[in-house]
Amino acid sequence: MTPERHQKITDLFLEVCDLSRAEIAEKLDASCSNDSEMRQHVEALLKMDQLPGFEGDVDQDSISPNSYEDSESCSDGEDEKPTIAPRRPIIPNYELIELIGQGGVSQVWRARENSTQQEIALKVHNLTAFSSEDGLTRFEREIKIAASLNHPHITTIYDSGHYGDIYFYTLQLIRGGRLDHYVTEHALPDEAILRLFSIVCDAVEHAHSQSIIHRDLKPSNILVTTQGHPYVLDFGLAKAMEGAMKEASLTMEGDILGTLEFMAPEQAMGEQDKIGKTTDTYSLGLILYRLLTGQSPIDTSGTRYTLLKRMQNGDIVSPEQYRDDLDPSISAIVMKALERKPEDRYLSAGDMNADLRTVIRNLRFS
Ligand SMILES: Nc1ncnc2c1ncn2[C@@H]1O[C@H](COP(=O)(O)OP(=O)(O)O)[C@@H](O)[C@H]1O
Ligand SMILES: [Mg+2]
């Protein structure tokens, strides 16, 4: 697919995504009368957009009934945790204890490995949410990329496999919660936030140094243990820019998936050729902004279309607007990460970290 066509499809998707079903049909009839392939692409994106996890809960009927047992209990509480009783997949050698996370196409369980009796996290992929081939390729890529990384603050992969049509992998269990919740619950002062965030940047830099971009950095993909150690996880949208895992092209769906709120403008607009390490440094800027101010730098009210227009225009509010006590050197780091043009931002997480470390040192001495 040419970049121009890719852009055309993305534009049309963005134009219709907030409309009613009838209005969407009308608009697609008008715009794709001679181009059924384009219509298919847009409809695929719309379908993806309505996947559970992006909008609501998983449709339990879409889960294959054969290899699941009914679950009597389910966790409550945090927003990321499901509120409906999930079906528990049966996977030999593992005892699934509690559902701890649920996304559009996956469930994450706290589980026990029978032979070692160690508790681990087990991520199950719901292949039926995508066409199975696409979903499987995606999941295999996630496992390969995550397994290729070796960093103390990136969750370690232990095992992967499938039982019937249930695909899974197991990884280091993180006992704790989301980064933003940790910061709020502990009322962390700025210097402590920067120190924690510097470790996150170091983990992302490890991926960058291997030419891997995460593409889905957001607070729910960064967990902090009760001892205060952060971990970057979920390489489900990650992309290898070079080497054996490099792909010829990004898929349309891969660009639009993910959370708009923590996405760089070029990613939200589906501008494939501009996606790189700086896409991650922008997301890091958004996360740091949120941790320091509790706010988003962009007005997120209104439709997604208006939000995208604001992103595209770079309508960013300085963090000092929310925090007049914020040290200007911290604000400068955040604003550099959030530059509209990728080339004006930090070129990698390591570059951002270098500035963070300087500021941390200066704050300590002042
Ligand atoms: N290793 C882990 N330890 C503890 N909780 C985890 C772990 N991996 C994932 N989770 C929880 O499950 C949620 C979803 O996992 P994630 O890998 O982000 O899946 P998705 O691709 O569906 O977003 C996370 O936000 C987190 O709350
Ligand atoms: Mg996730």
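All values reported here derive from a predicted model rather than from experimental measurement. One numbering rule holds for all chains: residues counted from 1, following each sequence as written. Working convention: letters from A go to chains and numbers from 1 go to ligands, in the order in which they are written. Under the rules for a predicted model, residues below a pLDDT of 70 receive no local features and side-chain atom pairs below 80 are neither given nor counted, while totals for whole chains, interfaces and linings still include all residues.

1. Describing the overall build of the chain
- Looking only at helices and strands, the chain features 12 helices and 12 strands.
- For every residue, the other C-beta atoms within 10 Å of its own C-beta are counted; 20 or more classify it as buried, 12 or fewer as exposed, and values in between as partly exposed. C-beta atoms are placed from the backbone. Per-residue burial over the chain gives 39% buried out of 366 residues.
- Whether two residues are in contact is decided by their C-beta atoms, placed from the backbone, lying within 7 Å. Put simply, 61% of the contacts in the chain that link residues at least 6 apart link residues at least 24 apart. Numbering of helices and strands runs from the N terminus, with a helix taken as a DSSP run of H or I at least four residues long and a strand as a DSSP run of E at least two residues long.

2. Side note on the pairing of strand 10 (residues 222–225)
- A pair of strands is treated as paired once DSSP finds two or more bridges between them. Sheet analysis places strand 8 (residues 176–178) next to strand 10, joined by three bridges and oriented antiparallel. Residue pairing in the sheet places G177 in a bridge with V224 of strand 10.
- Here strand 10 runs beside strand 11 (residues 230–232); their pairing, made up of three bridges, is antiparallel. Each bridged residue has a counterpart across the sheet, and for L223 the counterpart in strand 11 is Y231.
- Between strand 10 and strand 11, which pair antiparallel and follow one another directly, the connecting turn spans four residues, one of which, G228, has a positive phi of 95°.

3. Structural notes on helix 9 (residues 277–293)
- Here a helix's expected span is defined as the number of its residues, less one, multiplied by 1.5 Å. With 17 residues, helix 9 extends 25 Å from end C-alpha to end C-alpha; this agrees with the ideal 24 Å at 1.5 Å per step.
- Of all 17 residues in helix 9, 16 are buried, a share of seventy percent or more.

4. Observations concerning the nonpolar core
- Ranked by internal contacts, the top residues of the largest apolar core, which has 79 residues, are V200, V204 and L284.
- At nine residues, the largest contribution of residues to this core is made by helix 6 (residues 190–209).
- Setting aside residues up to four positions removed in sequence, V200 forms contacts with I222, P230 and V232. Think of a nonpolar core as buried Ala, Val, Leu, Ile, Met, Phe, Trp, Tyr and Cys residues chained together by C-beta atoms that fall within 7 Å.

5. A few points about unusual backbone geometry
- Backbone geometry at S211 places phi at a positive 60°, although glycine is not the residue there.
- Notably, R215 is not glycine yet its phi reads approximately 70°, a positive angle.
- Positionally, R215 belongs in the loop between strand 9 (212–213) and strand 10.
- On the basis of neighbour count, R215 is assigned to the buried category, with 23 C-beta atoms found within 10 Å.

6. Things to note about the site of ligand 1
- Close to ligand 1 lie 19 residues, the nearest being G101, G103, V108, A121 and D234.
- Contributions of two or more residues to the shell around ligand 1 are made by strand 3 (94–102), strand 4 (106–113) and strand 5 (119–125).
- Tallied by class, residues from the shell around ligand 1 come to eight nonpolar, eight polar and three charged. For each residue, a C-beta atom is positioned from the backbone; the residue is called near a molecule or strand if that atom sits within 6 Å of it. Note on residue categories: nonpolar means Ala, Val, Leu, Ile, Met, Phe, Trp, Tyr, Cys or Pro, charged means Asp, Glu, Lys or Arg, and polar means any other residue, Gly included.

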